[in-house]
Amino acid sequence: MTAMGFPRRVAVIGGSRIPFARSDGPYATASDQQMLTAALDGLVDRYRLEQPGTVGEFVAGAVLKHSRDFNLARETVLGSKLDPRTPAYDIQQACGTGLQAIVAAANKIALGQTESAVAGGADTASDAPLGVNDDLRRILLAARRAKSLGGRLAALARIRPGHLVPDIPRNAEPRTGLSMGEHAAVTARAWGIGRQAQDELAAASHQRLAAAYERGFFDDLVVPFRGLDRDQNLRPDSTVEKLARLKPVFGTADPDPTMTAGNSTPLTDGAALVLLASDDWAAERGLRPLAYLTAYETAAVDFVHGDVAGGEDGLLMAPAYAVPRMLERTGLDLAADFDLIEVHEAFASQVLATLAAWEKRGLPAVDRERLNVTGSSLATGHPFAATGARIVATLAKSLAEREGSGRGLISVCAAGGQGVTAILERP
């Protein structure tokens, strides 16, 4: 057994993603499958994965899916350079999809059920599915069930102009009707998260991502796609002063709203994947692992009936419970045992609320110099299912760049009041 209790170590070999783009921009006509295929082909080319049997499994998902994407992972394999005999399946856990896909693949490697896997996800806010008006759907089904032509015509005669209006996807929780941003605004108020602190975090995200691109950090992680070679949302000249000029867009009914488009992630299109393997598989191919996935934990909060106003059970606060549990189980200390911390930046306020909640639960304060050192979602953007793989690949490479051993923490919040967290380690 390994130190964390895994039967076998699970190595992160590398990652591949396309640059993330703002919705309705360069990828407006790109499907989840096309974006995911581009990221996969980049991985195949970089690590010579095209030979039959090289990859044991492909696991991926998307949050916004058309009916045609019911078998997204498998169709991506069939349209890629990967061996078409590679098994594949879909997974979905809102914004935690990419990380959860990696966990699912890692479990099989740890148990010896496969030697290698590729995992991650893709999402497009530009090509979001439009549903048939529910009343129209019921009429069409009634027409299909009719036993005669007259019956079918009678059913179709019930169609009215209003039935032709499609159901457009909403960025809102079904149980509350509030958008993720409005939920985050409630949490920000509860934890007393101010505007300047949010803007400082957002500016740092852009500045750090820009610096990472300039020094070539992403040269072997990002593959060009549709005219982009770096994340479109990146603003290298972002400053607190510039961000302070933006008007609030969430929680605007409150006396002093703090959340703007600058300290919140934009709707984004993109795809990201990670190559995982056993030590034997990597050694046979002369590949040196960047890091190892050694632990993970999921959690959920009752954001409908729980302590939402008090901040404890806000929609995006599940990592505040998952991380302390994971650290207790592994016997690790957040300050003494971790060199780098990656907290998904859905909103700057959510990151700051999570850090405050960790401290309230007895964890030491996070050193900001160790937090999101190459930028995160506020700068890259956030294609829902792609974010987990982006973070894993980025953190693994960041650990590999450091001298000697190191350890990193990953925290991803997700819609539905959920959170997925993990630990990467470099011996």
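Details of the structure are given in the entry above.
A. Region of the structure containing the environment of A155. Structurally, the position occupied by A155 is in helix 5 (residues 149-156). A sequence separation of 202 residues divides A155 from A357, and the C-alpha atoms of the two residues are 56 Å apart.

B. Expanded view of the pattern of salt bridges. Scanning all chains against the criterion turns up 24 salt bridges. For E297, the salt bridge identified is with R329, shortest N-O distance 2.8 Å. Residue E297 is found in strand 9 (residues 291-300), and its partner R329 is found in helix 10 (residues 319-330); the two are separated by 32 residues along the sequence. Accessibility expressed as a relative area gives 15% for E297, which makes it buried. A salt bridge links D339 to R402, with the shortest nitrogen-to-oxygen separation between them at 3.6 Å. Of this pair, D339 sits in the loop between helix 10 and strand 10 (340-343) while R402 sits in the loop between helix 13 (387-401) and strand 11 (406-414), and the two are 63 residues apart along the sequence. What emerges from the salt-bridge pattern is a single network uniting D134, R137 and R138.

C. Fine view of unusual backbone geometry. The phi torsion at D24 lies on the positive side, around 60°, for a residue other than glycine. You can see D24 is positioned in the loop between strand 2 (21-22) and helix 1 (32-47). Since its relative accessible area comes to 60%, D24 is described here as exposed. The residue A94 is not glycine, and still its phi comes out positive at about 50°. One can find A94 in the loop between strand 4 (88-90) and helix 3 (97-110). The exposure class assigned to A94 is buried, which follows from its relative accessible area of 9%.

D. Quick look at helix 6 (residues 180-191). Taking 1.5 Å of rise per residue, 12 residues should cover 16 Å, and helix 6 covers 17 Å from first to last C-alpha, within 8% of that figure. Restricting attention to buried positions, one finds in helix 6 the residues M180, G181, H183, A184, A185, T187, A188 and W191. In this structure, the buried side of helix 6 is in contact with strand 6 (248-250), strand 7 (259-260) and helix 11 (348-360). At the exit of helix 6 stands G192, carrying a positive phi of roughly 65°.

Conventions we followed
- Counting of residues starts from 1 at the beginning of each chain's written sequence and follows it residue by residue.
- Side-chain atom pairs in this predicted model are given and counted only at pLDDT of 80 or more, local residue features only at pLDDT of at least 70, and totals for whole chains, interfaces and linings cover all residues.
- For the side-chain quantities, the full set of heavy atoms in the structure was used; hydrogens and water were omitted.
- The secondary structure listing takes helices from DSSP runs of H or I that are at least 4 residues long and strands from runs of E that are at least 2 residues long, numbered from the N terminus.
- When a carboxyl oxygen of Asp or Glu lies within 4 Å of a side-chain nitrogen of Lys or Arg, that pair is called a salt bridge.
- Three labels apply to residues, based on accessible area from a 1.4 Å probe with only protein chains included: buried if under 20% of the type maximum, exposed if over 50%, partly exposed otherwise in between.
- Multiplying 1.5 Å by the residue count of a helix minus one yields the expected span of that helix.
- Contacts are assigned to residue pairs that have any heavy atoms within 4.5 Å of one another.

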